[in-house]
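Observations on the model geometry
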Amino acid sequence: MHQQRLPPPPATTQSKKKRSRLSTKQRRIRQLEKDAARRTFNGNGMNDSLPPLPVTQYPPNSNDDDNDHAENDDGAGFGTLFGHPYGALPYGNIHFASPPSSVSADGNNLPSTSTAPSSPWHPDKVRQEGLGPNLRKLNDEQLLTILSFVDGPTLGSGICCASKFLYVAGHHEELWRDLVLRRWGEVGFTVRDPHDTDDNAGKEEEAVVVASTQRKGAWKDIYALNHHPNSTKRHSPISIHGIYSDTFFRSWLCRSFALQPSWLSTHTVSSIPHSEMTTERFFKEYEETNTPVLIKGASKTWQAVQRWTRDYLLSVASEKRFRATSGAAPLPAQFTLSDYLNYCDSSTEEAPLYLFDRTFATNCPQLLHDFDADLKSSCGWWDGDTAEFGHDLFRVLGEGRRPDYQWLIVGPKRSGSCFHIDPNCTHAWNAPIIGRKRWIFYPPGVTPPGVFPSPNGDDVCMPISIGEWFLTFWDQHVERRNDPDVKRRPLECTACPGDVLFVPHGWWHMVMNIGDDDTDGGACGGDDRGVSVALTRNYVSGSNLSDVLRFLDTRVSQISGCRDRGEAVQPDDLGREFRKALSEVKDYRVDNIGEEKKEEDSRMEKGRWADLLERAEQKAKEGWGCDAWVDLPSTCPSSGSAGGGECDNCTEEKNEPIDSAKTSILARAKQSSSSSTACGVGAISTSSEAFSFSFL
């Protein structure tokens, strides 16, 4: 006899208590999810050589539903900004699994309505039944590799509909990103404004759900919009109970983590008010000593700082195309600025595409006009025409023949650049225009935790994303702050719009874009609309000229910024052509002598210039002035020279046990034996498109 279900009774005190208990259960499930995340990074106990994540610690009375940013901790743990959209959990959570008939993915009780017999429940049943007896023998990474060969329509309409597990696997963000880039990356593609609502999405509840999971503008939506331009539907993820996968969970965690106050509160870089900085002081105390310095208020009068808002940038460059890249993406992408800003607002990737454009000055001259003259007037030490100590010496080659040197940098919050040393032995300055930037420096010769360069610097192993580094190596970084040798300690700072940061040559540094809602122990100005905008220039001056000359002679394979431009001087000729151009300069300041200038003064200026070049050549012959580079014996295979001998680094790596963490990272590298470094250690070459890789 069919029994009709009665409507639920009115809310009572008892039912309210029940809902309260369910809410507590939801919070417990979410905390289990976060605490178990640390097992993602050490192989769930199967491989304890990888550094563990910090353990999550929340105050007993914290309400996780009301405190999604989890910034009320003491810096010892981590939280997440939003839940995994498809319900994936770390594989270690399989030990806490329970049958889905009693509790749904969101923690609510579900009545059992099915009377049909079912197979015995297994915690990994969704995967086993969803892949079948053959595919389930593959690990999730291998499965994604196979799915990467599938076209978009087959992936979306076929594979994603085959089973629950394939539904989650087929919606892996990187699969759809690669489909978009391979099909439209070079010609450009449209990204819908994530703030636009669908015609059938008028319900406030639906809008809240989509916003909370930050799924607007996901790569599958981008593919669908460009494949069917008239399509107005957007993908709404379904959370699946019983998905346990480190592969699916890790990339989400590295993007969705909440910033901890302890990550942003330390400020050890020298900070000088702009009014107290002079050209002579800058050179003697910072350039000559190769020391970072944050010059507060140096750019506050720039038109770029005062004018550049989202609306202004769109008004002058809305349809201009810019190039964006990512260490995790197979190809670069061409974006209009309008589409890229929409992408920034909706990005949920571990390593989002980062606009690092070198052509903005010719592509949109107004952007150059908004800061170039102001830079010369406010920061005379960086004015190539008047700087007393000879700034930006590469300009003697000519604008088209010199290596790349200036960039417009735009990216979503939580994006940035992993640890690197600036190219060609150059100094740099960096000016945030919209949004703040968090910087971490390591002195020349001191390798940051989690970064493993080859002996000659050609190759490097490191985490692919900023989140991966913070979540994995932060504890080691904190220990480095207390190094007995003060000169080996890292430096940190937060640069705000209006500030300009000097980045000396040879320093390892990492940059993360942050917003005003991220606490750092102090108030800073800036824009908090999901996007960061900055300007930067690299340069050669008298302080690093000797190292640049030595670099051009001994590190030809590492020279960058000219290989893909036919008019630029190529690496094999750059050292010779640079010296030739320097020797033909009449004036120390790289400026033509006016006719009114006396011949005696002209000879004096030429003598000063010749003296600078002569001293730089002499220093270059004596050795490196910066510890970031070390000359290997000519017989060492890592040095790139002919010969069969070995250096101490090679012998040490072959005869002594390699650090366990390094061994584990290298063992997991997706690297063929043909691209191993000379000492037998696999690494991703910095000259390849994928310049770094993830070690999980």
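Rules and cut-offs
Residues numbered from 1 in each chain as written. Predicted model: local features only at pLDDT ≥ 70, side-chain atom pairs only at ≥ 80, totals over all residues. Heavy atoms only, no water. Pairing = 2+ DSSP bridges. Helix = DSSP H or I, 4+ residues; strand = E, 2+ residues; numbered from the N terminus. Axes fitted to C-alpha atoms, helices over the stretch in contact; angles between N-to-C directions. Buried < 20%, exposed > 50% of the residue type's maximum accessible area, 1.4 Å probe, protein only. Phe/Tyr/Trp six-rings, centres within 6.5 Å; stacked < 30°, edge-to-face > 60°. Arc of directions from axis to C-beta. Contact = heavy atoms within 4.5 Å. Expected span 1.5 Å × (residues − 1). Salt bridge = Lys/Arg side-chain N within 4 Å of Asp/Glu carboxyl O. Parallel < 35°, antiparallel > 145°, perpendicular 65-115°, else oblique. Nonpolar A, V, L, I, M, F, W, Y, C, P; charged D, E, K, R; others polar. pLDDT = per-residue confidence, 0-100.

Right, let's talk about the sheet that holds strand S2 (residues 293-296) for a bit. Sheet strands associate in pairs through backbone hydrogen bonding, adopting either a parallel or an antiparallel arrangement. Strand order across the open sheet formed by 9 strands is S1-S2-S13-S8-S15-S6-S5-S3-S4, with mixed pairing between neighbours. The open sheet has two free edges, formed respectively by strand S1 (270-273) and strand S4 (333-336), since each of these has just one partner strand. Pairwise comparison of adjacent strand axes, ignoring direction, gives a mean angle of 30° for this sheet. The pairing of strand S3 (residues 321-325) with S4 spans 4 bridges and is antiparallel.

Going residue by residue along S3, you find Phe-322 and Ala-324 tucked away on one face and Arg-321, Arg-323 and Thr-325 left uncovered on the opposite face. Alignment of S3 against strand S5 (residues 354-357), held across 2 bridges, turns out to be antiparallel. Looking at the pairing, Ala-324 lines up with Leu-355 of S5.

Right, let's get into the packing of aromatic side chains. For the structure on display, the rule yields 34 aromatic pairs. Note on Phe-371 and Trp-429: the rings are 6.4 Å apart at their centroids and 70° apart in plane angle, and the pair reads as edge-to-face. Of this pair, Phe-371 sits in the loop between helix H16 (365-369) and helix H17 (372-378) while Trp-429 sits in strand S8 (residues 427-434), and the two are 58 residues apart along the sequence. The class of Trp-429 is buried, set by a relative accessible area of 1%. Grouped by ring-pair contacts, the aromatic residues Phe-282, Trp-302, Phe-360, Phe-371, Trp-381, Trp-382, Trp-429 and Phe-502 constitute a single cluster.

Moving on: helix H13 (residues 310-317). Within H13, burial applies to Arg-310, Tyr-312, Leu-313 and Ala-317. Seen from one end, H13 has its buried residues packed into an arc of 165°, which puts them on one side. Along H13, the residues that are exposed and aim more than 90 degrees away from the buried face are Asp-311 and Ser-315. In the core, the buried residues of H13 are packed alongside helix H12 (303-307), S3, helix H14 (337-346), H16, S8 and strand S15 (531-539).

To continue, consider unusual backbone geometry. One non-glycine residue, Arg-414, adopts positive backbone phi at about 75°. Mapped onto the elements, Arg-414 comes out in the loop between strand S6 (406-412) and strand S7 (416-420). One non-glycine residue, Cys-425, lies in the positive phi region at around 65°. Residue position: Cys-425 is located in the loop between S7 and S8.

Over its 13 residues, helix H20 (residues 571-583) extends 19 Å from the first C-alpha to the last, a length consistent with the 18 Å expected when each residue adds 1.5 Å. Of the positions making up H20, those classed as buried are Pro-571, Leu-574, Gly-575, Glu-577, Phe-578, Arg-579, Ala-581 and Leu-582.

Examined against the element boundaries, Leu-501 turns out to sit in strand S13 (residues 500-503). Between the C-alpha atoms of Leu-501 and Val-269, which are 232 residues apart in sequence, the distance is 9.6 Å.

Let us now look at the pattern of salt bridges. Should their charged atoms come close, side chains of opposite charge can pair. Tallying each qualifying case throughout the model produces 26 salt bridges. In this structure, the salt-bridge partner of Arg-481 is Glu-492, at a minimum N-O distance of 2.8 Å. Here Arg-481 is found in the loop between helix H18 (466-480) and strand S12 (491-495), whereas its partner Glu-492 is found in strand S12, with 11 residues between them in sequence. The salt bridge partner of Arg-550 is Asp-631, with a shortest N-O separation of 2.2 Å. Of this pair, Arg-550 sits in helix H19 (residues 545-554) while Asp-631 is found in the loop between helix H21 (599-622) and helix H22 (648-655), placing the two residues 81 residues apart along the sequence.

Packed helices, taken two at a time, are described by the angle between their axes plus the distance between the axes. In the contact formed by helix H9 (residues 246-256) and H18, the axes pass within 7 Å of each other and the chain directions differ by 95°. It follows that H9 is roughly perpendicular to H18 by the angle criterion. Here Arg-250, Leu-253 and Cys-254 of H9 come into contact with H18, specifically with Gly-467, Glu-468 and Leu-471. In the contact of H9 with H18, the residues fall into 3 nonpolar, 1 polar and 2 charged.

Let's shift gears to the sheet that holds S12. Reading across from one edge, S7-S14-S9-S12 is the order of the 4 strands in this open sheet, with antiparallel pairing throughout. If you trace the sheet from one side to the other, it starts and ends with S7 and S12, each paired once. Put simply, the sheet's adjacent strands are angled 15° from each other on average, direction ignored. As paired elements, strand S9 (residues 436-442) and strand S14 (residues 508-514) share 7 bridges and run antiparallel to each other. Within the sheet, the bridge partner assigned to Ile-440 lies in S14 and is Met-510.

This part is about the confidence of the model for the chain. In this model, the chain carries a mean pLDDT of 76, and residues with pLDDT of at least 70 account for 67%. Across residues 102-116, where pLDDT falls below 50, the model places 20 contacts with residues more than four positions away in sequence or in other chains.

Along the chain, Ile-421 falls in the loop between S7 and S8. Distance in space between the C-alpha atoms of Ile-421 and Met-510 is 9.2 Å, their sequence separation being 89 residues. With sequence-adjacent residues up to four places away left out, Ile-421 is seen in contact with Gly-506, Trp-507, Trp-508, His-509, Ala-628 and Trp-629.

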